[in-house]
Amino acid sequence: MNNEENKSEGINNNESQEIGNGTNDNLNTNLKKQASNNKKEKTKRENPSTSKRIFGIIKRIVIIGILLCMVAFVLLYASRYYKNDSIKDKTNLVLNSNNVTAKLKEEIIIEDDIIYLSMKDIKNFLDYYIYEEEETEQIITTTDRKIAAINFKSKTMVVNGANTKIKATAIKRDDRIYLPISELADVYEIEIKYIKETDTVTIDSLSRALERATIIKDVSVKSHTRTLSRTIDKIKESDSVVVIRDMTNGWTKIRTKNGKIGFVQTDKLKDYVQVREAEVEEKQITEKINMFWDYYSESRTAPDRTGEKYEGVNVVSPTFFYINANAEFVEKGGESIKQYVKWAKDNGYKVWPSLSNDVASNAGIGVTSSILNSYEKRQELIDNIIEVCKKYELDGINIDFEYMYEKDKNLFSRFIIELTPRMKEMGLVTSVDVTAPDGSPNWSLCYDRYVLGKIADYIIFMGYDQYGTSSKTAGTTAGYNWVEIALKKFITTYEVDSKKIILAIPFYTRIWTETTDGKLSSKAVKMKDIENTIIKEISSDVEKVWLDDVKQYYVEGKSGSSIKKMWIEDEKSIKEKLSLVSEYNLAGVASWQKGYELDTIWEVIDRELDNK
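Participant: Explanation requested: the packing of helix H12 (residues 571-583) against helix H13 (residues 601-609) in the structure shown.
Facilitator: For any two helices packed against each other, one specifies the crossing angle of their axes together with the interaxial distance. Contact geometry of H12 with H13 gives a least axis separation of 10 Å together with a crossing angle of 25°. Compared by their axis directions, H12 and H13 come out roughly parallel. Taken as a pair, H12 and H13 cross one another with a handedness that is right-handed. Judged by residue contacts, Glu-571, Ile-574, Lys-575, Leu-578 and Val-581 of H12 engage Ile-601, Val-604, Ile-605, Glu-608 and Leu-609 from H13. Here the contact of H12 with H13 is built from residues that sort into seven nonpolar, no polar and three charged.

In structure tokens form, the structure reads like this:
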């Protein structure tokens, strides 16, 4: 029994020992955990957390990134002001206040102190209408007041009809034409210099304003209006510079004696001197033009208007000159021309006589073409015009060339391009008569209205014969709506300055006869004869109907088996057309023709133009 108890106790002791051992294991585990926790707490106290450490790293990266971006932005921003965009290894061209080297089509040639510029570049920068006259092997160049012809052999240049000695001819290099631009300074009215130190050619227009200033102290010329920008030149105290423009932000754009264009601070400049004022072209007539044509035939002398005066008129255009069937320049009147001019000037009128081509004969169109197609014949005609302008002390010329080949359109423009400088040199006006756009080839499409509008002093739009002698339909001579549409095309489609357009109005209309068999005929009726014609050919009590689209009265009636129709030109219809002068800011009005009008019409025109 004791053994069993002992066994039992022994067993119990073993269990107790195992239980004791389990308790010890738990205690050890707890101690280890506590030690680990203590270690973590100690580590936590001694070092930042991992997340904070990562955050710190990211923060530093962001700050560095921002700083790098700021540096990059500053460098990128500054680079535009330090970029060297000058053109090297090439002769530079400075035209007035701009370096145009990048726009040069060919190289500049400098030989034996002569500066050559290509014909292409002269066309681009100085003379859009320069051209090669193959017939005479000459280069023809024109400016506002000069026309010059230079060739490839002779050192003689023809300027405005006179021979001039030059040091060099035109040359050809690789099929490219070059002109000695340094020899054409007087023609183009320019000052040209070559700066060897910077291999730069400067060209200054003598018609532009020129201002100079003196540098107060040594200073760097900057590429932009910023101190931290590229230095393009250095100028010393007392140096003179060309003032181009005050930038209103403390900087001034200048050109240095080396031909460099850049900026200096405005307070570094003193002693401004206006070397040259801008040339302003003075107009002969500053008010609205009120002109009439005074027509007389080739077999008559100029009309005697002694004692006559017309309210508001300031220009007269007598038909003094014409080109006959033999291509000869003809004066109509001799001594009577002088008497007419004296009458006009005594009344304060400017005299712009008309020069017409031959449109009466079948050969007329060919005669005109033969003149236009020859440079020498054009010059001969121009010489004749200049001669009579001097002889009779005229104020201008009115070119009335009609019925020309469409293929001669550019040559007619050439004639005006070559004539106008000769006229401007003497202070005389060139006006050109032009029909409405979009007509027939030989009556309308033969005019380059864009070029003529750029070159001539005035374009006279002949705003009549909307329905003329050859019309197959009866209609008005000059409907308001038709006139306005044509004016809009001149101004918008052909870009003619409205202040150069003179609107020509008719002092006549047409009476139309329609027969029962469908035939149509018409005849011109003078404005002053309209009422009598209506009474005689239609009826004394016929009703006049106002047509608002054409802004004219219309009458219609039977005459036997025929129908008579007329669109009336009177004070009211003329007044409506005159309203277009102010609406579109036109130069004025011209009337065809003197002697057809009502006596009261001059007062109407003068009042509507409002030249008071």
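Participant: I'm lost on H13 in this one. Help?
Facilitator: For an α-helix, the turn length of 3.6 residues means that residues three or four places apart are oriented alike. Those residues of H13 not exposed but buried are Ile-601, Trp-602, Val-604, Ile-605, Asp-606 and Leu-609. Contacts made by the buried residues of H13 are with strand E21 (289-294), strand E30 (501-506), H12 and strand E36 (588-592). Just past H13, the residue Asp-610 takes up positive phi, approximately 55°.

Participant: I'm lost on the sheet that holds strand E27 (residues 396-400) in this one. Help?
Facilitator: Neighbouring strands of a sheet are bound in pairs by backbone hydrogen bonds; such pairs are parallel or else antiparallel. Judged by pairing direction, the sheet is mixed, and its 11 strands sit side by side in the order E24-E23-E26-E27-E28-E29-E30-E36-E21-E22-E25 without closing on themselves. Bordering the open sheet on either side are strand E24 (329-331) and strand E25 (350-351), each of which pairs with just one other strand. Note that strand E29 (residues 458-462) and E30 share four bridges and pair parallel. Directly across from Phe-461, in E30, lies its bridge partner Leu-503. Sheet contacts for helix H5 (residues 335-346): E21, strand E22 (315-318), strand E23 (321-323), E24 and E25; angle to E22, the most-contacted strand, approximately 165°.

Participant: Is there a simple way to explain the pattern of salt bridges in this structure?
Facilitator: A pair can form between side chains of opposite charge whenever their charged atoms are brought close. Inspection of every chain in the model, using the stated rule, returns 31 salt bridges. Here Lys-489 and Asp-438 are joined by a salt bridge, their closest N and O atoms 2.2 Å apart. Taken together, the positions of Lys-489 in helix H10 (residues 480-493) and Asp-438 in the loop between strand E28 (429-434) and helix H9 (449-455) put the pair 51 residues apart, joining distant regions of the chain. Taking the shortest distance from any N to any O, the salt bridge between Glu-597 and Lys-594 comes out at 2.8 Å. Salt bridges linked by common partners bring Glu-106, Lys-120, Asp-174 and Arg-176 together as one network.

Participant: Sorry if this is basic, but what is going on with the packing of aromatic side chains here?
Facilitator: Ring pairs (aromatic) are described by centroid distance and by the angle formed between their planes. Using the criterion set out here, one finds 24 aromatic pairs in the structure. Measuring from centroid to centroid gives 6.1 Å for Tyr-464 and Tyr-508, while their planes differ by 65°, and the two rings are edge-to-face. On the criterion of sequence distance, the pair formed by Tyr-464 in the loop between E29 and H10 and Tyr-508 in strand E31 (residues 508-514) is long-range, its members being 44 residues apart. With a relative accessible area of 7%, Tyr-508 lands in the buried category. Through successive ring pairs, a cluster of aromatic residues spans Phe-292, Tyr-310, Phe-320, Phe-321, Phe-329, Tyr-340, Trp-343, Tyr-349, Phe-507 and Trp-602. Here the guanidinium or amino end of Lys-123 rests over the ring plane of Tyr-128, the centre of that ring lying 4.4 Å away.

Participant: In this structure, what is going on with the environment of Lys-572? I would like to understand it.
Facilitator: Relative to the assigned elements, Lys-572 resides in helix H12. What makes Lys-572 partly exposed here is its relative accessible area of 37%. Discounting chain neighbours no more than four positions away, the residues touching Lys-572 are Trp-546 and Tyr-553.

Participant: For this particular structure, what's the right way to read the pairing of strand E19 (residues 261-265)?
Facilitator: Each regular strand displays side chains that alternate between the two surfaces of the sheet. With five bridges connecting them, strand E18 (residues 251-255) and E19 associate as antiparallel partners. Among the inter-strand pairings, Arg-255 is bridged to a residue of E19, identified as Ile-261. Where E18 folds back on E19, the antiparallel hairpin that results is connected by five residues, among which Gly-259 adopts a positive phi of roughly 85°.

Participant: In this structure, what is going on with the nonpolar core? I would like to understand it.
Facilitator: Soluble globular proteins: nonpolar side chains tend toward being buried together. If you look at the biggest cluster of nonpolar residues, it comprises 92 residues, and the most contacted ones within it are Ile-385, Phe-412 and Phe-415. With seven residues, helix H7 (residues 375-392) is the single largest residue contributor to this core. With residues up to four places along the chain from it excluded, the contact list for Ile-385 reads Phe-329, Leu-355, Ile-397, Ile-399, Phe-415, Leu-419 and Met-423. Grouped together as the second largest cluster of nonpolar side chains are 29 residues, Val-100, Ile-108, Leu-117 and Ile-150 included.

Participant: Would you mind showing me how to read the side chain of Thr-101 here?
Facilitator: Positionally, Thr-101 belongs in the loop between strand E2 (98-99) and strand E3 (109-111). Taking the relative accessible area as the measure of exposure, Thr-101 reaches 0% and is therefore buried. In this structure the side chain of Thr-101 is engaged in a polar contact, spanning 2.5 Å, whose partner is the side chain of Asn-99. In contact with Thr-101, other than residues within four places in its own chain, are Ile-87, Lys-90, Thr-91, Asn-92 and Leu-93.

Participant: Whenever I open this one, the environment of Met-566 confuses me. Can you help?
Facilitator: Summarising the element assignment, Met-566 is placed in strand E35 (residues 562-568). Here the alpha-carbon distance between Met-566 and Tyr-554, two residues 12 residues apart in the chain, equals 5.8 Å. Beyond its immediate stretch of four places on either side in the chain, Met-566 contacts Thr-509, Arg-510, Ile-511, Val-525, Ile-530, Thr-533, Ile-534, Tyr-553, Tyr-554 and Val-555.

Participant: What is the right way to look at the sheet that holds strand E13 (residues 200-205) in this model?
Facilitator: Strands sit in the order E2-E1-E13-E12 across an open sheet of four strands; the sheet is mixed. Both edges of this open sheet fall to E2 and strand E12 (190-195), since each of them pairs with a single strand only. Bridging between E12 and E13 involves six bridges; their strand directions are antiparallel. Note on E13: the bridge partner recorded for Lys-193 is Thr-202.

Participant: Would you explain the packing of H7 against helix H8 (residues 409-425) in this entry?
Facilitator: Contact pair H7 / H8: the axes reach a minimum separation of 10 Å and the direction vectors enclose 40°. Judged by the sense of rotation from one axis to the other, the crossing of H7 with H8 is right-handed. Between H7 and H8, the residues in contact are Tyr-375, Arg-378, Gln-379, Leu-381, Ile-382, Asp-383, Ile-385, Ile-386 and Cys-389 and Leu-411, Arg-414, Phe-415, Glu-418, Leu-419, Arg-422 and Met-423, respectively.

Participant: Could you clarify how one ought to interpret H12 in this entry?
Facilitator: Here H12 spans 19 Å end to end across 13 residues, near enough to the 18 Å set by a 1.5 Å rise per residue. Within H12, burial applies to Ser-573, Ile-574, Lys-577, Leu-578, Leu-580 and Val-581. Projected onto a plane normal to the axis of H12, the buried residues spread over an arc of 135° and lie on a single side. A side-chain oxygen of the first residue of H12 lies 3.1 Å from the backbone nitrogen of Lys-572; this N-cap is Asp-570. Taken from the residues just after H12, Asn-585 is the one with a positive phi, measuring 55°.

Conventions adopted
- Every chain begins its residue count from 1, and numbering advances along the sequence as written.
- Only residues with pLDDT of 70 or above have their local features reported here, since the model is predicted, and side-chain atom pairs are shown and tallied only from 80 upward, although totals for entire chains, interfaces and linings are computed over all residues.
- Side-chain numbers here rest on the full set of heavy atoms in the structure, without hydrogens or water.
- Every axis in this analysis is a line fitted to C-alpha atoms, fitted for helices over the stretch in contact. Angles between the N-to-C directions lie between 0 and 180 degrees.
- Each helix is a run of H or I in the DSSP string that is no shorter than four residues. Each strand is a run of E no shorter than two, and both are numbered from the N terminus.
- Note on terminology: angles under 35 degrees are roughly parallel, angles over 145 are roughly antiparallel, angles of 65 to 115 are roughly perpendicular, and the others are oblique.
- When the near helix sits turned anticlockwise from the far one by under a right angle, the crossing is termed left-handed; a clockwise turn instead gives a right-handed crossing.
- Any pair of residues with heavy atoms lying within 4.5 Å of one another is described as a contacting pair.
- When residue character is reported, Ala, Val, Leu, Ile, Met, Phe, Trp, Tyr, Cys and Pro are called nonpolar, Asp, Glu, Lys and Arg charged, and the others, Gly included, polar.
- Three labels apply to residues, based on accessible area from a 1.4 Å probe with only protein chains included: buried if under 20% of the type maximum, exposed if over 50%, partly exposed otherwise in between.
- The pairing criterion for strands is at least two bridges between them, as found by DSSP.
- For this document, the term salt bridge refers to a Lys or Arg side-chain nitrogen within 4 Å of an Asp or Glu carboxyl oxygen.
- Each pair of aromatic rings taken from Phe, Tyr and Trp, with Trp reduced to its six-membered ring, is defined by centres within 6.5 Å and is described as stacked if the planes are under 30 degrees apart, edge-to-face if over 60, and tilted in the remaining cases.
- Criterion for a charge above a ring: Lys NZ or Arg CZ within 6 Å of the ring centre, and within 35 degrees of the ring normal.
- Only buried residues count toward a nonpolar core, which is a set of Ala, Val, Leu, Ile, Met, Phe, Trp, Tyr and Cys residues joined through side-chain atoms within 4.5 Å.
- Two N or O atoms count as a polar contact when they lie within 3.5 Å, although within protein this holds only if one can serve as hydrogen donor and the other as acceptor, and sequence-adjacent residues are included solely when both atoms are side-chain atoms.
- Given the number of residues in a helix, its expected span is that number minus one, multiplied by 1.5 Å.
- Here the arc refers to the set of directions running from the helix axis out to each C-beta atom.

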